Structure formats: structure tokens, C-alpha cells
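# Chain and residue survey
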Amino acid sequence: MITPAGHRLIVKPDEIEKMTKGGLFIPDTTREIKHFKQIFGTVIAIGPTAWKAFDDGLPWAKVGDKIAMAENAGYTIQDPYTEEKFRIINDEDVCAVISK
């Protein structure tokens with residue numbers, strides 16, 4: 001289990017397609033680069049001081065929300081037990097909450 005510290009969030013980026021719409025295979029190295037630049041994901045965990053530094057202190061997102069984040073925000077980590085990849089971003093890198 002990965003727990004965010006301070007004002008950070010853990011986000012599970014949306015999966016990157018393995019093929020283009022035209023049917024071309026996207027190599028793993030290119031997918032890794034795109035994975036880091038992915039701007040959409042789901043909030044998995046929120047640090048204890050997220051959004052506390054802002055005037056109203058109200059959270060912009062909650063666990064389970066689909067969000068848009070800054071393109072190169074944070075960094076990618078891999079859970080050593082499950083090998084899942086996550087992004088750790090700052091609270092201010094949440095650009096929008098996506099609702100249906």
C-alpha cells in the first residue's frame with residue numbers, strides 16, 4: 001500500500017492504448033512516455049494536508065473521482081508488490097474533476 005504524504009495525491013492514470021486507431025502497435029517505451037504525460041486518472045488516496053494551504057481549505061477532489069491533472073505533474077511510481085503504476089501529484093496539480 002502506498003500512502004501519500006502531506007499535500008500529495010496518488011492517482012491511477014488511465015490506461016494507454018496498445019494500438020492506434022489505425023491499427024499500428026505502440027511500443028512499450030513510447031507507452032511509458034505517454035503514461036507519464038497522461039492527464040486523466042482516478043484519485044486513489046489523498047494526503048492529510050491536501051488543500052489546507054488554500055483559503056477555503058476545501059478539497060477539490062475525493063477518492064474515486066476521475067480527474068484531469070497537469071500534463072507533467074508529479075512523478076510515476078510502481079507498487080513493489082502489485083507492480084501497478086501510479087502518479088504522485090501535488091494537490092494544486094488537479095486541474096478539473098470529470099463527472100458524467
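Rules used in this analysis
Residues numbered from 1 in each chain as written. Predicted model: local features only at pLDDT ≥ 70, side-chain atom pairs only at ≥ 80, totals over all residues. Heavy atoms only, no water. Core = buried A, V, L, I, M, F, W, Y, C linked by side-chain atoms within 4.5 Å. Buried < 20%, exposed > 50% of the residue type's maximum accessible area, 1.4 Å probe, protein only. Helix = DSSP H or I, 4+ residues; strand = E, 2+ residues; numbered from the N terminus. Lys, Arg positive; Asp, Glu negative; His and termini not counted. Salt bridge = Lys/Arg side-chain N within 4 Å of Asp/Glu carboxyl O. Polar contact = N/O pair within 3.5 Å; in protein donor to acceptor, adjacent residues only side chain to side chain. Phe/Tyr/Trp six-rings, centres within 6.5 Å; stacked < 30°, edge-to-face > 60°. Lys NZ or Arg CZ within 6 Å of the ring centre and 35° of its normal.

### As for the nonpolar core
Note on soluble globular proteins: their nonpolar side chains tend to be buried together. Of all hydrophobic cores here, the largest spans 11 residues; its members are Leu9, Val11, Val43, Ala50, Trp51, Ala61, Ile67, Met69, Ala73, Ile89 and Val94. Among the elements of the structure, β1 (8–13) and β3 (66–69) are those that each provide at least two residues to this core. Core analysis: the second largest hydrophobic core is formed by 5 residues, Ile10, Ala45, Phe86 and Ile88 among them.

### Here we look at the side chain of Arg87
Mapped onto the secondary structure, Arg87 falls in strand β5 (residues 85–90). Buried charge without a partner: Arg87 forms no salt bridge, and the closest opposite charge is Asp93, 7.3 Å away. A polar contact of 3.4 Å, which involves the side chain of Arg87, links it to the backbone oxygen of Glu71.

### What about the packing of aromatic side chains?
The full count for this structure, using the stated rule, is 2 aromatic pairs. Taken together, a centroid distance of 5.8 Å and an interplanar angle of 55° make the contact between Trp51 and Trp60 tilted. When its relative accessible area of 1% is taken as the criterion, Trp51 is described as buried. When the centroid spacing of 4.9 Å and the interplanar angle of 45° are considered together, the rings of Phe54 and Trp60 count as tilted. You can call Phe54 partly exposed: its relative accessible area is 29%. On the basis of relative accessible area, Trp60 is assigned to the partly exposed category, the value being 35%. A network of ring pairs unites the aromatic residues Trp51, Phe54 and Trp60 as a single cluster. Between the NZ or CZ atom of Lys12 and the centre of the ring of Phe86, over which it lies, the distance is 5.5 Å.

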